[in-house]
Amino acid sequence: MGFIVERALLPWAQRVKQRANLPVRLSWGAGGGSSLALGDFEQPSVEVRVRDPAAWPLLIDPQLDTLGQAYVEGLVDVDGPLADILAAAHGLAQHAEPAGGLLGRIRRRHGHSRESDSQAIQYHYDVSNAFYAEWLGEGMVYSCAYFEQGDETLDAAQAKKIDHILRKIRLQPGQRLLDIGCGWGALVLRAAQHFGARCVGVTLSQNQADLARERVKAAGLQDRIEIRLQDYRDVTVQHDGPFDRITSVGMFEHVGLDHLADYFGHIRRLLPPDGWAMNHGITSTDPNDGETALGGGSFIQRYVFPRGELPHIGTVLRTLQEGGLEAVDVENLRRHYQRTTQLWSEAFEANTAQIKPLVDERRWRIWRIYLAGCAWAFEHDEVALYQVLCRPAGQSAQGLPWSRQWMYSG
C-alpha cells in the first residue's frame with residue numbers, strides 16, 4: 001500500500017492545510033523519515049507518527065472514533081498537549097474528504113487472501129444460475145460483448161467477443177488453453193468446438209462449475225474440456241504443464257491492486273516462451289487508480305463486488321511488465337460494454353416477473369440499479385474495458401506479427 005498512499009498523501013495534506021490549517025506534522029517510515037505538514041507553522045503543536053500501515057484508512061477518513069481507534073490500538077503515536085491533540089482531531093474530522101477517488105480507494109483497500117477471494121466470488125456469482133439466465137442471454141456470458149457492426153443481438157455479440165479473443169491469441173487446433181475465471185464455460189466450449197483446443201477452465205463459483213460441467217457433457221466434450229473448482233494460483237507448471245494460450249475474461253477485477261504484478265507473473269510462469277495470453281477486464285478511468293466517482297464505487301463494494309478493485313490501464317500495463325509479460329495489443333471496448341450492460345438492464349426490466357421469485361426484494365433492487373448504473377458509467381467514461389494481448393517478455397521481435405490483420409480475417 002505504501003506506493004499508493006504516498007502518491008495520495010501530498011494533495012490530501014495540501015487540502016487539509018487549505019481548509020483547516022492545523023498545527024500538525026504527520027510522519028511515517030523508518031525513523032519518521034517521511035513527513036507532511038497539515039498547516040503553516042514553525043513548530044507543530046501535535047506530532048502524529050504512523051507505526052502501522054493499518055492506520056492510514058483511519059487517518060485519511062478521519063472521524064473522532066477512527067482517530068481514537070488508531071491511537072488506542074497503537075497504530076500511531078501522538079505527542080503534544082492534550083488540548084491541542086483534541087483540537088487537531090476535531091479539525092481533521094470536520095474537514096474530512098469526500099469518499100471518492102484515490103483516497104476512497106485507500107480507505108477501502110482490501111486484503112486479498114484465497115479465502116476472502118473465494119467468499120467474494122461466491123457472494124457475487126452463486127446467486128443462482130436461473131437468476132443470471134434471465135438477463136445474460138442464451139450463452140450465459142457475463143462479460144463485455146463485441147458488437148462488430150453495432151446492431152448485433154446480445155447472443156450474437158457475445159459469440160463474436162469469444163471469437164475475437166480466440167483469434168487474437170492465435171489459438172490453433174490441439175493447443176492447450178487455460179481460461180482463468182471460466183464462468184459457465186462459454187469460452188472453453190467455443191475454443192474446443194470451433195478451434196480444436198484442449199481446455200481447462202477454473203472458477204471459484206460452485207454454481208458456475210456445476211453448470212459448466214453440465215454444458216460440457218451435453219456437448220460431448222468431456223475429453224477436450226476440464227472444468228475445475230480451483231483458485232488460479234493452484235494451477236502450476238509442475239502439476240499441469242505449460243499452457244500454449246491463457247485467457248482471463250472479467251476476472252482480474254477481483255485480484256486487487258497490490259497483487260496485479262503477482263497475478264501477471266503467475267500467468268507468465270504458465271506460458272512457454274512462444275505462448276500468448278489475453279487479459280480482458282474493467283478498468284478505472286482515474287489515472288491514480290481511484291474509485292468510481294460520486295459514491296458509485298462504494299455502492300459496488302458494499303452490495304455487488306466485495307473486495308473488487310479497478311486499476312487504470314496504465315497500472316495494468318506497468319504491472320503486466322513487472323510480471324514478465326509484454327503487451328502486444330491494447331483495445332478499448334468501453335462502447336461495447338456500454339451496449340452490453342444496456343441490453344442486460346433492458347432484459348432485467350423486461351423479465352422482472354420471472355426474476356423476482358428467484359431472489360429477495362433487496363437483491364432484486366441491488367441488481368436493478370447496478371446494471372443501469374453500469375450502463376451509465378460506461379457511457380460517461382467513469383469506467384472502461386480493455387483487452388490486452390500479451391506474451392512472455394524478452395522474446396525475439398521475429399515472433400511478433402506485422403499487423404493486426406490476423407484478428408479480423410476469421
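Further up the page is the structure itself.
Residues numbered from 1 in each chain as written. Predicted model: local features only at pLDDT ≥ 70, side-chain atom pairs only at ≥ 80, totals over all residues. Heavy atoms only, no water.

Caption draft 1: Layout of the sheet that holds strand β7 (residues 225-229). Pairing within the open sheet is mixed, and its 7 strands lie in the order β7-β6-β5-β8-β9-β11-β10. Each end of this open sheet is capped by a strand with a single partner; those strands are β7 and β10 (325-332). Here the strands of the sheet are splayed against their neighbours by 20 degrees on average, with no regard to which way each runs. The pairing of strand β6 (residues 198-203) with β7 spans 5 bridges and is classified as parallel. Looking at the pairing, V200 lines up with E226 of β7. Each of β5 (176-180), β6, β7 and β8 (245-249) touches helix α9 (residues 186-195); the most contacted strand, β6, lies at about 180 degrees to it. Sitting on the sheet, helix α10 (residues 206-218) touches β6 and β7, and the angle it makes with β7 is about 165 degrees. (Pairing = 2+ DSSP bridges. Helix = DSSP H or I, 4+ residues; strand = E, 2+ residues; numbered from the N terminus. Axes fitted to C-alpha atoms, helices over the stretch in contact; angles between N-to-C directions. Contact = heavy atoms within 4.5 Å.)

Caption draft 2: Local environment of the pattern of salt bridges. This structure, assessed with the given rule, holds 16 salt bridges. Of the charged contacts, one joins D329 and K168 as a salt bridge, the two residues approaching to 3.9 Å between their closest N and O atoms. Of this pair, D329 sits in strand β10 while K168 sits in helix α8 (residues 154-168); the two residues are 161 residues apart in sequence, bridging distant segments of the chain. What makes D329 buried here is its relative accessible area of 4%. (Salt bridge = Lys/Arg side-chain N within 4 Å of Asp/Glu carboxyl O. Buried < 20%, exposed > 50% of the residue type's maximum accessible area, 1.4 Å probe, protein only.)

Caption draft 3: Here's a closer look at the packing of helix α12 (residues 260-270) against helix α14 (residues 313-322). One can describe the packing of α12 onto α14 by two numbers: an axis separation of 7 Å at closest approach and a directional angle of 50 degrees. Judged on the interaxial angle alone, α14 and α12 are oblique. α12 and α14 meet at a crossing whose hand is right-handed. Of α14, the residues touching α12 (which contributes L260, A261 and F264) are T315, V316, T319, L320 and E322. Here the contact of α12 with α14 is composed, by residue class, of 5 nonpolar, 2 polar and 1 charged. (Parallel < 35°, antiparallel > 145°, perpendicular 65-115°, else oblique. Left-handed = near helix turned anticlockwise from the far one by under 90°. Nonpolar A, V, L, I, M, F, W, Y, C, P; charged D, E, K, R; others polar.)

Caption draft 4: Structural detail: helix α15 (residues 334-350). The first and last C-alpha atoms of α15 sit 24 Å apart over 17 residues, in line with the 24 Å expected at 1.5 Å per residue. Taken together, the buried positions of α15 are H336, Y337, Q338, T340, T341, L343, W344, S345, A347 and F348. (Expected span 1.5 Å × (residues − 1).)

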